[in-house]
Protein chains: 2
Amino acid sequence: MTAKLKNDRLIRALLRQPVDATPVWIMRQAGRYLPEYRRVREQAGSFLNLCKTPELACEVTLQPLHRFDLDAAILFSDILTIPDAMGLGLEMIEKYGPRFNSPVRSRSDIEKLRIPDMHTDLGYVMDAVQTVKRELDNRVPLIGFAGSPWTVGTYMVEGGPSKEYGIIKGMLYGEPASLHDLLATVADATTDYLNAQIEAGVNAVQIFDTWGGILTPDAYREFSLNYMRRIVDGLKRDVDGERIPVILFSKGCAHLVEEIAAAGADAVGVDWTVDIGDIRRRIDGRTAVQGNLDPAVLYASPEVIKREVDAVLRAWGAAPGHVFNLGHGIHPQIDPDNVAILVDSVHELSGKYKVKSEK
Amino acid sequence: MTAKLKNDRLIRALLRQPVDATPVWIMRQAGRYLPEYRRVREQAGSFLNLCKTPELACEVTLQPLHRFDLDAAILFSDILTIPDAMGLGLEMIEKYGPRFNSPVRSRSDIEKLRIPDMHTDLGYVMDAVQTVKRELDNRVPLIGFAGSPWTVGTYMVEGGPSKEYGIIKGMLYGEPASLHDLLATVADATTDYLNAQIEAGVNAVQIFDTWGGILTPDAYREFSLNYMRRIVDGLKRDVDGERIPVILFSKGCAHLVEEIAAAGADAVGVDWTVDIGDIRRRIDGRTAVQGNLDPAVLYASPEVIKREVDAVLRAWGAAPGHVFNLGHGIHPQIDPDNVAILVDSVHELSGKYKVKSEK
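The structure presented is a predicted model; accordingly, all values stated were derived computationally and were not measured.

1. Topic: unusual backbone geometry
Residue and element names in this part refer to chain A.
Okay, step 1: Asn-292 follows Gly-291 through a cis peptide bond whose omega is -5°.
Okay, step 2: Within the fold, Asn-292 resides in strand 10 (residues 288-293).
Okay, step 3: Positive phi outside glycine occurs at Asp-240, with the angle close to 50°.
Okay, step 4: Assignment of secondary structure puts Asp-240 in the loop between strand 6 (238-239) and strand 7 (242-243).
Okay, step 5: Its relative accessible area of 47% is what places Asp-240 among the partly exposed residues.
Okay, step 6: One non-glycine residue, Asp-284, lies in the positive phi region at around 55°.
Okay, step 7: With respect to the helices, strands and loops of the structure, Asp-284 is situated in the loop between helix 13 (276-283) and strand 10.

Below is the structure:
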């Protein structure tokens, strides 16, 4: 039996149960905008070393919770831990991003891929989860995560960030069977990976599909959504009587939100390019929704931040099932004081919309 | 009185008149994927020198028409000619993109901006239009173009390409009045610029809004669509009895396509992330539609290219008002032979859908 969460707003909202205030967390809340993060990152020597040292990963995971009244922690890690554990040789290059020394380019590269062992190859992630859970002492839920197979696949095939995704899309149009084999392998590894995180103690999981939005609708269904559904179908979502909610976030895919909402997850994330009120109407209670403030609002003054937070809350209205977040990760240049304004505004301002629903 | 076009399919389709075959042109059809372009580019010494030398700009404008049965030429130029003429000091940096030495950051920077003279400061563009028109001899229409004020503004304010657009979005949320002043000035300059191109002989114009898709719906309406509408309202669209059609292309904005179609243009461009049949139903004959093959299809085999061209044509169906194009610019790595397959497939395959409509 898991100990009870002291603050269970996030879990309740993800399950579309009533809450006293809208829960809020921030994608990349443990990250470069925090000076205390930059100090630990320097101490770790490299980004990957920070991910792979459970005590340090725990420390940066908890940093934003010391500053802000957040309703969740999210494990400090990276979406590329799986291909790294598959032996593709991940490096993180300053001002460039991730680079794989052995990208996957051919059918024989794909056939050679093996699903890593979650307790040896990726044991450092599970150790980090357990360390964070111990330190958190159930103050708020801990979110685990993974990349979507399509998004992780773009890095595995392109070898790094890409502008045009010519190599993986050449495979998509020219050798779709090979790409399906790759994505199936990554999906199965990701299912094991998230299940191991759940076993280690995370209270919810999110699948990040950062690059679903570069696909045609048909290709999105076939090469991205299908494999997220395959993962969702394989997750252990009830642990000792507690439901482990699953969030799917495909950036730039809100035009397909009805289909994403039908994939079996508890919640769907949306970016800031859509009106969250429209999304609520289109999803019509089938899942919770997470989002969707433009991350760039945090460059503005406290007054503007409050006004824009209010606009998102008002657009959502009184329905249950809203988790407040940015529409994408927080930018590294943001002043942490503005994050405090954001978090407190969500809690303060959401009350008035909830009261209305009970009148 | 302008001489009659020998191939007027593009103009007819943009005006939603019947055509014998669907017209096709390709964004960036004069560009780096062509070895003959790379030779002239080298000869010119720099990208900007190529833009500013009318004979060379004419030569590269016509290159793709020597190879492919395209239904239009598009002037070889750049969306940043206007801020360059405003004195912001444009450089094109290899593998980086455009850079302004004097980006626009403050209200006083904005107040100093002057609308350039179209016949002195930007006379090289009008000379290039006239040179191309003479060489083309009305074989196909010539498309003129400009960037949208919002898109041009992102480069003017950020000083170059940006990942997060933090500076201009900081202005959008924090000092919207200043940003409106900037966009109004750019919009007025762009209106003059496109009118000068029309006077010099272009047969249609396109406004490229590459970065409209990074905005919230409200911000898109206020800071991007409004200023494109202002331009459209100011264009001379009838020259000697000939209609000059206007195309608006906001990449990543198809979720707002009804509003874009109501902005007064003759046609709306859409990228590959949407089903063009859905777009046709949503626009419902109010404008023509241009698009929308995934540019990455051109990495595949001739068979796959034909299949994907057919899928776009079939999704559009028998209605008038479709101009075939990629959903964004052609990638530099593409084999020109695949472009020939694409262009010929559009002409060959579109017939069967048109015949159906007359049965």
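There's plenty left to go through after this.
2. Some details on the relation of the copies chain B and chain A
Okay, step 1: Each copy superposes on the other: chain B lies on chain A with an RMSD of 0.0 Å after a rotation of 180° and an axial shift of 0.0 Å. The relationship between the two copies is best expressed as a two-fold rotation axis. Closest approach to the rotation axis among the C-alpha atoms of chain B is made by His-255 of chain B, whose C-alpha sits 3.2 Å away.
Okay, step 2: The residues that chain B uses at the interface reappear at the interface of chain A in 100% of cases, marking a shared surface.

3. Overview of the pattern of salt bridges
All names here are of chain A.
Okay, step 1: For the coordinates displayed, the defined rule picks out 46 salt bridges over all chains.
Okay, step 2: When the shortest N-O distance is used, the salt bridge between Asp-20 and Arg-9 registers 2.9 Å. Within this pair, whereas Asp-20 is found in the loop between helix 1 (9-14) and helix 2 (35-44), its partner Arg-9 is found in helix 1, the two being separated by 11 residues in sequence.
Okay, step 3: Overall, the relative accessible area of 17% leaves Arg-9 in the buried class.
Okay, step 4: Between Lys-352 and Asp-310 there is a salt bridge; the shortest N-O distance is 3.1 Å. Placement of the pair is Lys-352 in helix 15 (residues 336-358) and Asp-310 in helix 14 (residues 302-316), with a sequence separation of 42 residues.
Okay, step 5: For Lys-352, a relative accessible area of 44% puts it in the partly exposed group.
Okay, step 6: The network of salt bridges with shared partners includes Arg-237, Asp-238, Arg-243 and Asp-266.

4. Description of helix 9 (residues 166-174) of chain A
Okay, step 1: Where burial is concerned, most of helix 9 of chain A is hidden: seven out of the nine residues are buried.
Okay, step 2: Those residues of helix 9 of chain A that sit buried are Gly-166, Ile-168, Lys-169, Gly-170, Met-171, Leu-172 and Tyr-173 of chain A.
Okay, step 3: Among the structural elements, helix 6 (107-112), helix 8 (149-158), helix 10 (176-200) and helix 11 (217-234) of chain A together with helix 14 (302-316) of chain B are those in contact with the buried residues of helix 9 of chain A.

5. Quick notes on the interface of chain B and chain A
Okay, step 1: Listed per partner, the contact involves 27 residues of chain B and 27 residues of chain A.
Okay, step 2: The largest contributions to the chain B side of the interface with chain A come from Glu-164, Tyr-173 and Thr-273 of chain B, which together make up 31% of the buried area.
Okay, step 3: Linking chain B with chain A are two salt bridges.
Okay, step 4: Across the chain B-chain A interface, the total number found is 10 residue pairs in polar contact (both at pLDDT 80 or more).

6. Observations concerning the packing of aromatic side chains
Geometry of an aromatic ring pair is reported as the spacing of the ring centres plus the angle between the planes.
All names here are of chain A.
Okay, step 1: Applying the stated criterion across every chain yields a total of eight aromatic pairs over all chains.
Okay, step 2: A centroid spacing of 5.4 Å and a plane angle of 80° characterise the contact between Phe-145 and Phe-208, whose relative ring orientation is edge-to-face. In this pair, Phe-145 is assigned in strand 4 (residues 142-147) and Phe-208 in strand 5 (residues 204-209), connecting sequence segments 63 residues apart.
Okay, step 3: Taken together, the ring pairs in this structure connect Tyr-37, Phe-47 and Phe-76 into an aromatic cluster.

The rules behind these values
- Residues numbered from 1 in each chain as written.
- Chains lettered and ligands numbered in written order.
- Predicted model: local features only at pLDDT ≥ 70, side-chain atom pairs only at ≥ 80, totals over all residues.
- Heavy atoms only, no water.
- Helix = DSSP H or I, 4+ residues; strand = E, 2+ residues; numbered from the N terminus.
- Buried < 20%, exposed > 50% of the residue type's maximum accessible area, 1.4 Å probe, protein only.
- Least-squares fit on C-alpha atoms with pLDDT ≥ 70 in both.
- Contact = heavy atoms within 4.5 Å.
- Salt bridge = Lys/Arg side-chain N within 4 Å of Asp/Glu carboxyl O.
- Buried area = accessible area lost by both parts, 1.4 Å probe.
- Polar contact = N/O pair within 3.5 Å; in protein donor to acceptor, adjacent residues only side chain to side chain.
- Phe/Tyr/Trp six-rings, centres within 6.5 Å; stacked < 30°, edge-to-face > 60°.

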